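Structural overview
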Amino acid sequence: MKRFWKKFLSSFLAVLMVSSILCTFTAAFERSSAYLSAYRAGITPESDGKLVITVDVTGVGRMSEIGAKTIYVYESTDGQYFRWVATYESSDYPQMMGSGSIFYEDVITHQGTPGRYYYAKACVYAGNDTGGDERYCNTAIKKAIS
């Protein structure tokens, strides 16, 4: 009888371990949407107050449109209270949107003021003949340098 419980317990623990591994793999492969696989935005301060805003968008497959639809830039003097200062639209900056690819990287340079804090909010998009999807993502807060 003692042997039965040992086998039962070891089998039960093995099933738990395998199921937890499968759950981990399943969660790792979940997509952002039916069209967007992954996306991110970053901001890098450069000299003279310039800020380079980068948006990376990965589609689920080859997309007829992929990239950033809109990028909003926010500014603060203290790093806590921000106000909107600029908008970049793909209709005005065609390099923000690509076509016919799975991955697209967009770079916009914003002229800021040294010593002030900035972050950007990007509206990313991926779409094809069957439809499309957009999501928002923010950059970290960075201080413009001189």
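In the block above lies the structure referred to throughout.
A short tour of the structure in this document, coming up. (Residues numbered from 1 in each chain as written. Predicted model: local features only at pLDDT ≥ 70, side-chain atom pairs only at ≥ 80, totals over all residues. Heavy atoms only, no water.)

**So, the pattern of salt bridges**
- Applying the stated criterion across every chain, the model contains five salt bridges.
- Here D56 ties to R40 by a salt bridge, and the two come within 3.0 Å at their closest N and O atoms. Highlighted residues: D56 in strand 2 (residues 50-63) and R40 in strand 1 (residues 36-45), separated in sequence by 16 residues.
- Of the charged contacts in the structure, one is a salt bridge between R83 and E75, with a shortest N-O distance of 3.0 Å.
- Overall, E75 belongs to the buried group, its relative accessible area being 8%.
- A single salt-bridge network, built from bridges that share partners, covers E75, R83 and R116. (Salt bridge = Lys/Arg side-chain N within 4 Å of Asp/Glu carboxyl O. Helix = DSSP H or I, 4+ residues; strand = E, 2+ residues; numbered from the N terminus. Buried < 20%, exposed > 50% of the residue type's maximum accessible area, 1.4 Å probe, protein only.)

**Quick look at the state of the cysteines**
- Applying the stated criterion across every chain, the model contains zero disulfides.
- Take C123: it sits in no disulfide, and the sulfur closest to it among the cysteines is that of C137, at 8.9 Å.
- You can call C123 buried: its relative accessible area is 3%.
- A relative accessible area of 11% means that C137 is categorised as buried. (Disulfide = S-S within 2.5 Å.)

**Describing the packing of aromatic side chains**
- A complete count under the given rule lists three aromatic pairs for this structure.
- Between F82 and Y119, the aromatic rings sit 5.1 Å apart at their centres with planes inclined by 80°, giving edge-to-face as the arrangement. With F82 in the loop between strand 3 (65-76) and strand 4 (83-89) and Y119 in strand 7 (residues 117-128), this pair connects stretches of sequence that are 37 residues apart.
- Where Y88 meets Y93, the ring centres are 5.3 Å apart and the plane angle is 65°; that geometry is what we call edge-to-face.
- By relative accessible area, Y88 is classed as buried at 10%.
- Since its relative accessible area comes to 32%, Y93 is described here as partly exposed.
- Members of the aromatic cluster, connected to one another through ring pairs, are Y74, F82 and Y119.
- Over the ring of Y125 we find K69; its NZ or CZ atom is 4.8 Å from the centre of that ring.
- The positively charged end of K121 is found above the aromatic ring belonging to Y136, 5.2 Å away from the centroid. (Phe/Tyr/Trp six-rings, centres within 6.5 Å; stacked < 30°, edge-to-face > 60°. Lys NZ or Arg CZ within 6 Å of the ring centre and 35° of its normal.)

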